[in-house]
Amino acid sequence: MLLSTLAAAAAAAAPWYVLASTERIANRHVEHAPIQERSLETIGEGPVEGGSVEAQIAAQAQLTQRIVGLSGLVTYTEAYLDGRPTTGSSQTAKGGGNEERTTDSQLVVRTDACSHATFEGRCPAAADEVALSYRTARWLRVKAGDTLTYVTPKLARPLPLKVVGVYRPDDPNAPFWSSNNDLVAKQLPTGAPPEITEPVDDAVLAAPALFDHSLAPAGVAVRTITDMVAEPRLLVDNAPGDVSSRLAGATVEAGNNRLTLNTQLPVTIDKVERDRRLVSLGVPVGAFQLLVLCWFALYLAVKYTGEERRPDIGLVKLRGATRMRTWALVSGQSALPMLVGAVLGLPIGWAAATAVTGAIQDTEVNALALALSVGAVVLAVLGALLAALLAERRALSSSVSELLRQASARSRVWRDLFDLLLVVLAVVAVYQVKHRAEGDAAGLALLAPGLAALAFALVAARLITFAAGRAVEGALRHGHPARALTAIYLARRPGVHRLAALMIATVALLTTSALTWNAGRTDGQTRAELEVGADRVLTVRAENRLALLTAVRAADPAGKYAMAAVASVRSNSDRVLLVDSPRLAKVATWRPEYGPGAAQTAALLHPDAPAPVTMTGGDLAVDLTARIDGDTDRVVYLDVVFADAKGQRVAARLGPLASGRATLRASLPACATAPGCRLSSLQLVQSTTEQKVFFAARAGVDVVVHGATAGGQPVLGKDLLADRTRWRLGVNGNPPNLVAAPVDDGLHLTVAPQRNGGTNDPGVYPLDTPAPLPSVRATRLQQRLVGDQRVGFGSVSISEEIAATARALPQLGTKGVLLDLEYADRLGADFGAGDSLQVWLNASAPANITRLLRDQGLIVLGEESIAGTADRYASFGPPLTLQFMLLSAIVGLALAIGAAVVVAAVERRPRARELGALRAQGASARMVKRVGVEGYLVLALTSLIFGLILAAVIRAYIGDVLPYFADGWSKP
């Protein structure tokens with residue numbers, strides 16, 4: 001009954017496991033798919049009909065929902081117009097006016113945008129009101145209350161608009177903002193000034209009234225968009241194949257309704273279907289493998305208990321019972337406990353599967369799982385009954401005289417042929433595995449380890465009995481009667497080799513499954529560590545790199561658990577990770593693939609460098625001598641650029657310069673209080689009086705900087721200015737515009753002859769970092785010229801010296817560059833941020849770390865952890881299949897133990913008679929006790945050894961028939 005309960009529980013668990021896993025797979029894939037691969041959009045174009053853009057947007061949304069006809073999608077809507085917001089003027093009077101600024105930002109009505117952003121000012125409501133993003137407003141140099149014009153080719157005259165608010169998305173990565181590529185810009189403007197380090201073409205938010213009153217009367221065609229973002233339940237409530245078919249039909253139907261439907265959802269659907277196929281194939285294979293073991297164990301159990309019933313069957317036949325009544329009597333003794341086991345196994349299997357994979361949410365799928373589980377239990381019981389009848393067949397077909405004899409007949413030839421057939425089948429399965437197409441898991445491939453284990457376990461079991469028979473004579477010859485009697489038991493006891501085969505097979509399968517599962521989990525942990533980088537990684541929002549660095553250092557002054565990091569993954573061909581190196585060893589999860597140790601890497605990235613030039617004071621005075629040649633209408637300035645404590649650009653524009661010596665002053669309130677500001681650069685710029693457009697000064701300008709003070713304290717002394725080793729040129733890859741040379745009383749800056757085309761770097765920079773910047777590269781690049789190695793991040797390209805190489809780097813994989821954040825920020829001098837601002841945390845980070853970071857001005861946008869990422873990978877198709885196979889192997893081992901217990905229990909009385917006869921013939925009690933126990937111990941120990949050897953052979957030769965990662969990832 002217990003063996004049947006295990007068999008029924010395994011059979012019942014398989015359908016629950018498969019269907020619950022399909023839900024889990026769909027949830028995880030949809031949750032973690034890129035927004036482009038889990039959304040669809042419909043685009044319509046035309047004039048605002050009926051005078052209400054809101055009604056038109058709603059109508060398109062309803063039409064899209066009807067066309068798609070799927071549940072599990074969240075809808076976002078908008079209407080927009082292409083154009084350019086513009087401020088200032090390109091033609092102004094001499095000596096005054098503003099520089100014209102413009103950008104390619106769409107005029108957008110995004111439904112419910114006001115509740116998904118934070119505003120300085122308010123959300124637009126009237127027909128002439130708009131709101132700009134904080135990035136666009138900084139680029140256009142406007143604030144709430146200012147005005148701008150919106151130019152579009154669809155209107156004869158620009159729209160005059162009032163800026164009533166500056167908005168900042170609450171989470172720019174949330175589906176509301178990221179489901180449409182035009183809402184949050186991704187590219188920097190061409191020719192942006194130094195203070196602009198982020199994209200600026202964000203959407204210009206407008207109220208529906210603007211479209212209704214300014215665009216509808218003119219018949220202007222606007223575009224309306226309906227974005228639909230998939231929730232995890234999309235592929236739970238609907239079969240992936242049905243979703244694909246529906247989307248294909250919806251594309252055609254949308255076209256018939258003058259809509260364009262775009263989607264990459266099929267990419268995610270294909271991943272879900274791939275994983276579901278793996279689970280749907282692998283779990284039944286594992287369940288069938290377990291059922292075979294169950295039936296084998298039941299066969300042995302019934303076979304051994306049948307030996308005890310042989311005299312009873314003989315007496316029943318002797319008394320004239322009919323053949324049918326004899327069959328019913330004998331089979332009923334096995335059938336009744338098997339049926340009880342089936343009733344008990346069904347809820348046990350459900351409970352086990354639910355505990356591992358969770359409950360099934362969909363009621364229809366729940367009902368299907370119940371029906372399939374009942375069917376699987378029926379199949380398991382029928383197989384068990386068939387195994388029982390096969391075990392009893394010889395006894396039922398034997399004569400009365402044979403049954404009343406207390407000796408078993410010899411095994412028949414067909415059993416040897418069956419063993420041979422299993423061996424041949426295993427060889428075919430192993431051959432298919434070794435010669436299958438890459439990624440193929442069909443046919444006998446998944447059954448190969450089980451077939452190989454069972455087939456070669458039968459061979460190994462025969463070796464045990466053969467070796468035991470050969471050992472008898474030697475044991476007797478050398479005077480070891482107890483050993484000889486144990487060998488006789490193993491060699492001649494009926495069914496011993498099959499029990500040994502079952503034990504060997506289950507040990508081999510359990511070991512193989514455990515090794516495969518452990519290797520997969522280890523690879524999953526490795527991949528998570530490589531992709532995440534630290535125990536936890538928070539994605540945050542900060543104004544720039546220095547603001548992030550300062551905030552993290554303030555939140556964790558001792559550097560025990562937090563480290564600032566910036567990822568820049570869209571920098572040409574470079575994937576760059578900037579880290580606060582001194583904290584690297586304590587915070588990062590360091591792996592051998594990263595090359596040198598964490599402490600050594602930190603030392604390589606952050607060598608000693610000159611101290612930065614700082615000032616604390618509200619006013620700056622610069623003593624200089626200038627010589628201005630050439631046109632009289634040009635105006636030349638000296639820009640002294642600082643970075644304040646928050647990383648913001650603070651520039652003192654001194655001038656216009658005139659030939660001769662002078663002391664020029666500028667007010668810098670941002671630097672008035674400690675810790676003051678850090679000097680970033682000295683720049684010579686010029687403009688025309690007509691346009692006020694500043695650019696690198698042209699040739700004919702010489703300036704000698706003699707010194708600078710702030711609040712009466714020296715900032716730049718003659719010793720520093722006259723030391724050429726403390727100044728550098730060419731930060732961002734553009735040709736330097738200046739020639740810097742030390743003189744007795746300061747630093748001499750000369751504008752170099754103008755180069756044709758391109759943009760020149762107008763600055764000279766204090767050398768407060770190593771230069772070139774040391775780096776660790778995962779892939780060493782071939783240098784074109786000595787010293788020509790450069791690395792790009794953000795908007796800069798700087799010289800690099802490769803200090804070490806590694807097979808891989810955290811988050812970057814096998815191609816990328818690791819740099820020191822503090823030095824890279826100073827050397828880059830662009831006051832920029834990066835693609836992803838992060839805070840890395842180790843396991844000792846306090847529970848209130850997010851509050852501490854928030855108190856320093858950071859906004860936490862998301863969190864990723866090594867444990868969470870590893871669990872995510874473990875919830876996809878292949879790991880779930882491997883997990884079920886491991887659980888099946890554990891149950892199989894329990895079956896083998898149960899079968900061995902049954903055999904020992906059945907043999908208790910005949911073995912007692914045999915051992916009693918030995919005592920009667922003079923054997924000592926000690927020897928008899930040894931013989932009674934040693935046979936089982938030798939059988940178990942030998943089976944364990946053979947099972948482990950067989951597992952090692954299977955693992956070495958067959959390997960993993962199912963890879964842990966369906967996408968083919970492998971450890972670098």
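Further up the page is the structure itself.
It should be emphasised that the depicted structure is a prediction, and the values quoted were computed from it without experimental measurement. (Residues numbered from 1 in each chain as written. Predicted model: local features only at pLDDT ≥ 70, side-chain atom pairs only at ≥ 80, totals over all residues. Heavy atoms only, no water.)

Chemist: Even after reading the chapter, I still don't get empty space enclosed by the protein, so can you show me in this structure?
Modeler: The probe, sized like a water molecule, is rolled over the atoms to show the empty space still left. A complete count under the given rule lists six cavities of 30 Å³ or more for this structure. Empty space within the second largest cavity amounts to approximately 70 Å³. Every residue along the wall of the second largest cavity is listed here: N544, R545, L546, A643, G647, R678, S680, D825, A829, D830, F831 and G832. Secondary-structure elements contributing two or more residues to the lining of the second largest cavity are α16 (545-555) and β21 (677-688). Split by residue class, the lining of the second largest cavity holds four nonpolar, four polar and four charged. (1 Å grid on protein atoms, 1.4 Å probe; cavity = no way out; pocket = protein on both sides within 12 Å on 5 of 7 lines; lining within 4 Å. Points joined across faces, edges and corners; volume = space filled by probe spheres on them. Helix = DSSP H or I, 4+ residues; strand = E, 2+ residues; numbered from the N terminus. Nonpolar A, V, L, I, M, F, W, Y, C, P; charged D, E, K, R; others polar.)

Chemist: Which parts of the structure should I look at to understand the state of the cysteines?
Modeler: Summed over the entire model, instances satisfying the criterion amount to two disulfides. The disulfide partner of C114 is C123, and the gap between their sulfur atoms is 1.6 Å. Numbered by order of appearance in the sequence, the disulfide-linked cysteines of the protein pair as 1-2, 3-4. (Disulfide = S-S within 2.5 Å.)

Chemist: Please clarify how the environment of L939 should be interpreted in this entry.
Modeler: Along the chain, L939 turns up in helix α25 (residues 925-957). Here the alpha-carbon distance between L939 and I464, two residues 475 residues apart in the chain, equals 8.4 Å. Leave out the neighbours within four places in its chain, and L939 touches L490, V496, L499 and A500. (Contact = heavy atoms within 4.5 Å.)

Chemist: What should I look at first to understand a nonpolar patch on the surface in this one?
Modeler: On the surface, L941, L944, I945, L948, I949, V953 and Y957 cluster together into a nonpolar patch covering about 650 Å² of accessible area. Of note, Y957 is situated in helix α25. Overall, the relative accessible area of 47% leaves Y957 in the partly exposed class. (Patch = residues over 30% accessible without salt bridge, like charges linked within 9 Å, V, L, I, M, F, W, Y side chains within 5 Å. Areas by Shrake-Rupley, 256 points an atom, 1.4 Å probe, with all protein chains shown as cover. Salt bridge = Lys/Arg side-chain N within 4 Å of Asp/Glu carboxyl O. Buried < 20%, exposed > 50% of the residue type's maximum accessible area, 1.4 Å probe, protein only.)

Chemist: Just checking my understanding: could you explain the nonpolar core for this structure?
Modeler: Across soluble globular proteins, nonpolar side chains show a tendency to be buried alongside one another. Ranked by size, the top nonpolar core spans 57 residues in total, and within it L499 and L502 carry the most contacts. Elements that contribute at least two residues to this core include exactly α1 (2-32), α8 (265-318), α10 (363-397), α13 (448-477), α14 (481-492), α15 (496-532), α23 (877-906) and α25. Of all the elements, α8 adds the most residues to this core, at 13 residues. Discounting residues that sit within four places of it in the chain, L499 has contacts with L300, A899, A900, V903 and L939. (Core = buried A, V, L, I, M, F, W, Y, C linked by side-chain atoms within 4.5 Å.)

Chemist: Before we go on, may I ask you to explain the environment of L19 in this structure?
Modeler: Along the polypeptide, L19 turns up in helix α1. Taking relative accessible area as the criterion, L19 reaches 13% and is therefore assigned buried. Remark: the alpha-carbon pair of L19 and T357, spanning 338 residues in sequence, is separated by 9.5 Å.

Chemist: How do you make sense of unusual backbone geometry when you look at a structure like this?
Modeler: The general pattern is negative phi for most residues beyond glycine and trans for most peptide bonds. For the bond running from G655 to P656, omega is 5°, close enough to zero to count as cis. Along the chain, P656 turns up in the loop between β19 (649-654) and β20 (660-667). Along the chain, A674 connects to P675 via a cis peptide bond; the corresponding omega equals 10°. Summarising the element assignment, P675 is placed in the loop between β20 and β21. In the Ramachandran plot, R141 falls in the positive-phi region, its phi being about 60° despite a non-glycine side chain. Tracing the sequence through the fold places R141 in the loop between α3 (134-140) and β8 (147-151). We classify R141 as partly exposed; its relative accessible area is 47%. The phi dihedral of F831 is positive, around 55°, even though this residue is not glycine.

Chemist: What is the right way to look at α13 in this model?
Modeler: Because an α-helix completes one turn every 3.6 residues, residues spaced three or four positions apart along the sequence face the same direction. For α13, spanning 30 residues, the distance from its first C-alpha to its last is 44 Å, which sits close to the expected 44 Å at 1.5 Å a residue. By the largest-angle criterion, A471 marks the main kink of α13, which is about 30°. Of the residues trailing α13, G479 is marked for its positive phi of about 75°. (Expected span 1.5 Å × (residues − 1). Bend = angle between axes of the 7 residues up to and from the residue.)

Chemist: Just checking my understanding: could you explain the pattern of salt bridges for this structure?
Modeler: One side chain can pair with another of opposite charge once the charged atoms of both are near each other. Summed over all chains, the structure comprises 35 salt bridges. As a salt-bridge pair, R591 and E593 come within 3.0 Å of each other at their nearest N and O atoms. Like E593, R591 is buried. Where salt bridges share partners, they join R553, D556, D580, R583, E822 and R826 into one cluster.

Chemist: In this structure, what is going on with the environment of Q333? I would like to understand it.
Modeler: Looking at where Q333 falls in the secondary structure, it is placed in helix α9 (residues 323-357). Classification of Q333 by relative accessible area gives partly exposed; the value is 42%. It is 9.6 Å that separates the C-alpha atoms of Q333 and V302, two residues lying 31 residues apart in sequence.

Chemist: Would you explain the packing of α13 against α15 in this entry?
Modeler: Helices that pack against each other are described as a pair by the angle of their axes relative to one another and the distance between those axes. Following both chains from N to C, one finds α13 and α15 inclined at 140°, their axes separated by 7 Å at the closest point. Between α13 and α15, the crossing angle belongs to the class labelled oblique. Crossing of α13 over α15 shows right-handed handedness. Across the interface between the two elements, P449, G450, A453, L454, A457, L458, A460, A461, R462, I464 and T465 of α13 pack against V496, H497, R498, A500, A501, I504, A505, A508 and L509 of α15. The residue makeup of the contact of α13 with α15, split by class, is 15 nonpolar, three polar and two charged. (Axes fitted to C-alpha atoms, helices over the stretch in contact; angles between N-to-C directions. Parallel < 35°, antiparallel > 145°, perpendicular 65-115°, else oblique. Left-handed = near helix turned anticlockwise from the far one by under 90°.)

Chemist: What exactly am I supposed to notice about the pairing of strand β13 (residues 536-541) here?
Modeler: Taken residue by residue, a regular strand's side chains alternate between the two faces of the sheet. In terms of residue burial, β13 counts as a mostly covered element, since five of its six residues are buried. Examined bridge by bridge, β13 and strand β33 (residues 836-841) share five bridges and lie antiparallel to one another. By the bridge assignment for β33, R536 is matched with L841. In this structure, β13 lies alongside strand β34 (residues 859-865), joined through six bridges in antiparallel fashion. Residue pairing for β34: T539 is matched across the bridge by G862. (Pairing = 2+ DSSP bridges.)

Chemist: Just checking my understanding: could you explain the side chain of S943 for this structure?
Modeler: Residue placement: S943 occurs in helix α25. Residue S943 is classed as buried on the basis of its relative accessible area, which comes to 1%. Excluding anything up to four places from it in sequence, S943 contacts A500, M503 and I504.

Honestly, that's just the spatial picture; any functional story needs more than this.
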